[in-house]
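Observations on the model geometry
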Amino acid sequence: QYQTSASFARVLRPCQLEVARGQRGSHSNNNMNPWCLLLAQNIYHNHNIKMSGGRQMARTVPATKKGPIARLIGTVDIDGNGTNHPLEQVDPFMLLDQATITKNEMPPFGSHPHRGHSVVTVLLQGQIKSWDSVTQKEATVQGPASYFVDAASGLFHDETSVISDESDADQHPVLFQLWMSVKEEDRVKPPALQYDTNLPLGDVNNDIGEVIGSIRYFVGGENVSIKTAHPIMVGLVTQQPGTTAKIPIDSSFGGFVVHIEGCATYGDNSDSTSTENDVVVFAHTTDETENFLQATTDSNLSGTCRYLICTGQRIEEPWFKKLVANGAIIAKDADEVRKIAAQVEKDKTFVPK
């Protein structure tokens, strides 16, 4: 479960079982096979697996509600327009919204621009219909699915709900829309779009290898269909009550957890999280042993706990956002972003004249 080789796992598994038996029997190591204890200690030391809470957390930020949309990450643009929210960004992620759409053909934004960033719509359930200026075609996607847009040098697109019976809650699209920063060199490339409706589903295990849940990869991880400019992983975890998972993550990546339902404690937090759409932000670390996210679910839950993990390689480059025509322009400085936004508003092109 630590993404080791199969041969290493075969050696480790019996020792993990022996460790667990000894701990359950006496809360000490007296009952353990000494060889297993020595091997387990060497494994943890040599393979940088911390016997602790794993990745530390910096803070927990509640969502800002604005109508049917919950803002989880991202704030106003350079001119103060948009939704004011205390969590401005989590490199490489610049915006995250959550919504449950209850009406057909919503939201009513129409064709709108994106430039200078990547966008993934994480569709948990329901159907959405999309159109884009690259293919000039419409496509309908059934969740669970990913709709990934590399906006790059600029494109127009539109997404609306497809609901035949608005009284049926199972038809209501439930989604997250996540924006990722890219490097300046990526902003001159042509835009591209990708869809994936065959999302891989992996097991989530506890310390002794028991399956305690699942993780659905919308981007990254076991999902090799969606190609990204820089490494990211977006995965939806469903975990049984009263269990502890250790999910491997890159210790150098930035990221966060979005709590969806149930009650869980993430990382080294002393307090549990039970509020929908709370964002638990990873602390920045240079400690390579913080290479997993630990999540412990409440044993009193009547059902499963669900949470979304978003992690990615930090971009560490400045960016500026300008909202225009129901969309957004991202550029390297304020002058450029204003010039491009003005051109988009004037004649729907992304190159200032």
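See above for the structure.
First things first, this report covers the structure right here in the doc. (Residues numbered from 1 in each chain as written. Predicted model: local features only at pLDDT ≥ 70, side-chain atom pairs only at ≥ 80, totals over all residues. Heavy atoms only, no water.)

**Overview of the nonpolar core**
In plain terms, the rule: Nonpolar cores are built from buried Ala, Val, Leu, Ile, Met, Phe, Trp, Tyr and Cys residues. Side-chain atoms within 4.5 Å join them into one set. Under the scheme applied here, a residue whose accessible area is under 20% of the maximum for its type counts as buried, over 50% as exposed, and between as partly exposed, the area being computed with a 1.4 Å probe on protein chains only. Runs of E in the DSSP output that reach at least two residues are strands. Runs of H or I that reach at least four are helices, and both are numbered from the N terminus. Contact definition: two residues touch when any of their heavy atoms are within 4.5 Å.
Counting 30 residues, the largest nonpolar core has Phe 176, Leu 178 and Phe 256 as the members making the most contacts within it. If one sorts the elements of this core by residue count, strand E11 (residues 174-181) sits on top with four residues. If near-sequence neighbours (up to four positions away) are discounted, Phe 256 is found in contact with Ile 73, Val 90, Phe 93, Leu 96, Leu 178, Val 279, Val 280, Val 281, Phe 282, Leu 308, Ile 309 and Cys 310. In this structure, Ala 245, Val 257, Ala 295 and Cys 305 belong to the second largest nonpolar core, which totals 22 residues.

**What to know about the packing of aromatic side chains**
Under the convention used in this document: Ring pairs are drawn from Phe, Tyr and Trp, using the six-membered ring of Trp, whenever the two centres fall within 6.5 Å, and their geometry is named by plane angle: stacked under 30 degrees, edge-to-face over 60, tilted for the rest. Note on criteria: charge over ring means Lys NZ or Arg CZ within 6 Å of the ring centre, with the direction from the centre no more than 35 degrees off the ring normal.
Tallied over the full model, the rule gives four aromatic pairs. Residues Phe 93 and Phe 256 carry aromatic rings whose centres are separated by 5.4 Å and whose planes lie at 80 degrees to one another, so their mutual orientation is edge-to-face. Taken together, the residues span a long stretch of sequence, with Phe 93 in strand E4 (residues 93-100) and Phe 256 in strand E17 (residues 254-261) at a distance of 163 residues. Taken individually, Phe 93 and Phe 256 each receive the classification buried, so the pair is uniform in this respect. Positioned over the ring face of Phe 156 is Lys 348, at 5.8 Å from the centre of the ring.

**Observations concerning the environment of Ile 260**
Position of Ile 260 among the secondary structure elements: in strand E17. Owing to a relative accessible area of 11%, Ile 260 belongs among the buried residues under this scheme. When the C-alpha atoms of Ile 260 and Thr 275 are compared, they prove to be 7.6 Å apart, with 15 residues separating the residues in sequence.

**Concerning the pattern of salt bridges**
This is how it is decided: Think of a salt bridge as a Lys or Arg side-chain nitrogen and an Asp or Glu carboxyl oxygen that are within 4 Å of each other.
Tallied over the full model, the rule gives 10 salt bridges. With its nearest N and O atoms 2.4 Å apart, the salt bridge here joins Arg 71 to Asp 97. Taken together, the residues Arg 71 in strand E3 (residues 69-73) and Asp 97 in strand E4 connect sequence positions 26 residues apart. Pair check on accessibility: Arg 71 and Asp 97 agree, each one buried. Here Arg 338 ties to Asp 79 by a salt bridge, and the two come within 2.5 Å at their closest N and O atoms. Of the two residues, Arg 338 sits in helix H3 (residues 334-347) while Asp 79 sits in the loop between E3 and E4, which places them 259 residues apart along the sequence. For Asp 79, a relative accessible area of 37% translates into the label partly exposed.

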